[in-house]
Amino acid sequence: MKIARAAALAAVLGLAGCASYSAIDGGKPVLVGNNVTVTPQINWGKAPFPGFTGTLWTEDGISLDSLMFFTGIEPGKPLIDVAGVPKNEVKVYQASMVPDDVMELLSANFGKLGYQQIRTSNLRPAAFGAAPGFRFDLTFSSADGLDMKGMAIFAQRGGKLDMILFIAPVEYYYDHYGPTVEKIFGSVQTAGN
């Protein structure tokens, strides 16, 4: 079953790699959903991603760098719809979740996508625009064994979850785009806290 999920993930990534991208201007603030605006810092490509209802940006392709915006996630909803996995097996967001639970939500959803050895760490308070929020780091392996790293920032506002997640291979891409992503995290603006 894990092999089937990993194959499905590879097919989804392959299809998304063939789909059309739209340009994101690095110098202009962009509304990414749920009254969350960020300044991109560099030019990105907005990529379609099956099963992902948020916004996904990439510079070199989604398997090399992915900046994901999960905004306005309502109670009872997962971060990502996972093809081939029954809905009752996918962990969903609840407004009563504490920060540790939100980290576990991401980890559990990533596990259903076929990622392996998922570890979250370094949970700490961080401003999410004008809202109080949290940050954390993660490491994992892709379905084909590539070592990956990520950083996330999130806030729970009005009973909904907003999260920005950056993931990239440990080798080169994570460190290359990390400073840019830090500036994006710092540029978050929220309305309607």
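On a predicted model such as this, the values are computed, not experimentally measured, just so you know. (Residues numbered from 1 in each chain as written. Predicted model: local features only at pLDDT ≥ 70, side-chain atom pairs only at ≥ 80, totals over all residues. Heavy atoms only, no water.)

What follows concerns unusual backbone geometry. Positive phi, close to 50°, is recorded for glutamine 117, a residue that is not glycine. Of note, glutamine 117 is situated in strand E7 (residues 116-128). Look at tyrosine 172: it is not a glycine, yet its phi comes out positive at around 70°. On the basis of relative accessible area, tyrosine 172 is assigned to the partly exposed category, the value being 49%. (Helix = DSSP H or I, 4+ residues; strand = E, 2+ residues; numbered from the N terminus. Buried < 20%, exposed > 50% of the residue type's maximum accessible area, 1.4 Å probe, protein only.)

In this section: the nonpolar core. The biggest cluster of nonpolar side chains holds 32 residues, and the ones touching the most others in it are Phe70, Phe110, Leu161, Met163 and Leu165. Secondary structure elements with two or more residues in this core: strand E6 (66-73), helix H2 (99-112), strand E8 (131-141), strand E9 (147-157) and strand E10 (160-169). A per-element tally of this core places H2 first, with 5 residues. Ranked by size, the runner-up nonpolar core spans 24 residues in total, among them Val30, Val32, Tyr177 and Phe185. (Core = buried A, V, L, I, M, F, W, Y, C linked by side-chain atoms within 4.5 Å.)

What follows concerns the sheet that holds strand E2 (residues 30-33). The antiparallel open sheet is built from 3 strands, whose spatial order is E2-E3-E11. Looking at the sheet topology across the chains shown, the edges are occupied by E2 and strand E11 (189-190). Inspection of the sheet shows strand E3 (residues 36-38) paired to E11 by 2 bridges, in the antiparallel sense. Residue pairing in the sheet places valine 36 in a bridge with threonine 190 of E11. (Pairing = 2+ DSSP bridges.)

Quick look at the sheet that holds E9 now. The strands making up a sheet associate through hydrogen bonds between their backbones, and the pairing can be parallel or antiparallel. Spatially, 8 strands are ordered E1-E4-E5-E6-E10-E9-E8-E7 in an open sheet, and the strand pairing comes out antiparallel. Only two strands of the sheet have a single partner each, and these edge strands are strand E1 (22-24) and E7. Going across the sheet, the axis of each strand differs from the next one's by a mean of 25°, ignoring polarity. One ladder, built from 3 bridges, connects E1 with strand E4 (residues 44-46); its direction is antiparallel. Looking at E4, one finds that alanine 23 is bridged to glycine 45. Across the sheet, H2 is in contact with E7, E8, E9 and E10; its angle to E7 comes to roughly 145°. (Axes fitted to C-alpha atoms, helices over the stretch in contact; angles between N-to-C directions. Contact = heavy atoms within 4.5 Å.)

Here the focus is the pairing of E8. For E8, the buried fraction is high: 8 of the 11 residues fall into the buried class. Counted along the chain from E7 to the antiparallel partner E8, the turn is 2 residues long, and its residue glycine 129 has a positive phi close to 65°. Of the strand pairs in this sheet, E8 and E9 are connected by 8 bridges, and their pairing is antiparallel. Along E9, the bridge assignment pairs aspartate 137 with methionine 151. Between E8 and E9, which pair antiparallel in sequence order, lie 5 residues; one of them, glycine 145, sits at a positive phi of approximately 90°.

Now for the side chain of threonine 190. Take threonine 190: it is sitting in strand E11. Side-chain polar atoms of threonine 190 contact the backbone nitrogen of alanine 130, separated by 3.3 Å. Look past the residues within four positions of threonine 190 in its chain and what remains in contact with it is Asn35, Val36, Phe128, Gly129, Ala130, Ala131 and Arg157. (Polar contact = N/O pair within 3.5 Å; in protein donor to acceptor, adjacent residues only side chain to side chain.)

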